[in-house]
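Summary of structural features
Here's the letter readout for the chains.
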Amino acid sequence: MQAGAKPARGGKLAAVAVDQASVWNIANLLTVLRLILVPGFVMLMLAEGGHDPAWRAFAWAAFAIAMITDLFDGHLARTYNLVTDFGKIADPIADKAIMGAALICLSALGDLPWWVTGVILGRELGITLLRFLVIRYGVIPASRGGKLKTLAQGVAVGMYVLALTGWLASLRFWVMAVAVVLTVATGLDYVRQAIVLRRQGIAERKAALEETEA
């Protein structure tokens, strides 16, 4: 193509088609699957009054699939350069939707205290808001504690979804206790890092402004 020549209309349409097709990659499809699983999970959890062991086992299967796909979609997106704006928005929504649905169902059925649901969801929503507030100064990387928190929450909630009895029912209490402690601890650490990041960002901007004016 000669310099200054306008691209053919067909070329533009082809480029748009490629861009649109890239949205429907395997990572985003897994994210969409998690979103679709949320209403299905709720229906299974509440079927037959919400305390039938068979339906709770089906609900656990849906929850487990959602949590497993959460492990893979982000990894696939980063490894194979499948990161899209849709994925950046939909992935955290899907994560919080399935976990929030599980916690609210468990509390509504009387299996989990409402304060536990409030602490976990409050932390997740609060950190999401904080992330948007400090993103202009930089991004706080995922920590090992945050990954342990996610794992502990998934295991604990999964154990509560199942109609466990005996020592397993006692064990899930302690697993949930660990999940709550990690939830609070990592939340406070995230706030600390956000404050430090904001201060550094303000200081760097101030220094850059003074250098420009000098």
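First, a word on what this report is: a plain description of the structure on this page. Remember, predicted model here, so these are calculated numbers, not experimental data. (Residues numbered from 1 in each chain as written. Predicted model: local features only at pLDDT ≥ 70, side-chain atom pairs only at ≥ 80, totals over all residues. Heavy atoms only, no water.)

1. Notes on the overall build of the protein chain
Heads up, the rule is: By the criteria applied, helices consist of DSSP H or I runs no shorter than four residues and strands consist of E runs no shorter than two, each listed in order from the N terminus. The rule is simple: take the accessible area with a 1.4 Å probe, protein chains only, and divide by the maximum for that residue type; under 20% is buried, over 50% is exposed, in between is partly exposed. Only heavy atoms enter the contact rule, under which two residues are in contact if any of them lie within 4.5 Å. Residue-level accessible areas treat just the shown protein chains as cover; the underlying method is Shrake-Rupley with a 1.4 Å probe.
Helices and strands together make up the secondary structure of the protein chain, namely seven helices and zero strands. Here the protein chain holds 214 residues, and 36% of them are scored as buried. Within the protein chain, residue pairs in contact and separated by at least 24 positions form 75% of the contacts whose partners lie at least 6 positions apart. Accessible surface for the protein chain amounts to roughly 13300 Å². Of this, 69% is attributable to carbon and sulfur atoms.

2. Focus: a positive patch on the surface
We apply this condition: Every patch collects residues that have over 30% relative accessible area and no salt bridge, joining them within 9 Å if they carry like charges and within 5 Å if they are nonpolar side chains (Val, Leu, Ile, Met, Phe, Trp, Tyr). A pairing counts as a salt bridge when a side-chain nitrogen of Lys or Arg comes within 4 Å of a carboxyl oxygen of Asp or Glu. The sign given to each residue is positive for Lys and Arg and negative for Asp and Glu; His and the chain ends receive no count. A single reference atom marks each charge: NZ on Lys, CZ on Arg, CG on Asp, CD on Glu.
Taken together, Arg136, Arg198, Arg199 and Arg205 make up a surface patch of like positive charges. As for its placement among the helices and strands, Arg205 is situated in helix α7 (residues 167-213). Overall, the relative accessible area of 46% leaves Arg205 in the partly exposed class.

3. Concerning the pattern of salt bridges
Overall, the coordinates contain six salt bridges when judged by the stated rule. A salt bridge links Asp70 to Arg34, with the nearest nitrogen and oxygen atoms 3.7 Å apart. Taken together, the residues span a long stretch of sequence, with Asp70 in helix α3 (residues 53-79) and Arg34 in helix α2 (residues 26-46) at a distance of 36 residues. Residue class for Arg34 comes out buried when judged on its relative accessible area of 0%.

4. Side note on the packing of helix α6 (residues 144-161) against α7
How we decide: For every element, the axis is a line fit to its C-alpha atoms; helices are fit only across the contacting stretch, and the angle between N-to-C directions ranges from 0 to 180 degrees. Note on angle classes: values under 35 degrees are labelled roughly parallel, values over 145 roughly antiparallel, values of 65 to 115 roughly perpendicular, and the remainder oblique. In a left-handed crossing the near helix is turned counterclockwise from the far helix by less than a right angle, and in a right-handed crossing that turn is clockwise. When residues are grouped by polarity, Ala, Val, Leu, Ile, Met, Phe, Trp, Tyr, Cys and Pro land in nonpolar, Asp, Glu, Lys and Arg in charged, and all others, Gly among them, in polar.
At a minimum axis distance of 8 Å, the contact between α6 and α7 shows a crossing angle of 150°. Here α6 is positioned roughly antiparallel relative to α7, judged by the angle of their axes. Judged by the twist between their axes, the crossing of α6 over α7 is left-handed. Contact with α6, carried on its side by Gly145, Gly146, Leu148, Lys149, Ala152, Gln153, Val155, Ala156, Val157, Met159 and Tyr160, involves Leu168, Leu171, Arg172, Phe173, Val175, Met176, Ala179, Leu182, Thr183 and Thr186 of α7 and no other residues of that element. Of the residues assigned to the contact of α6 with α7, the class counts are 14 nonpolar, five polar and two charged.

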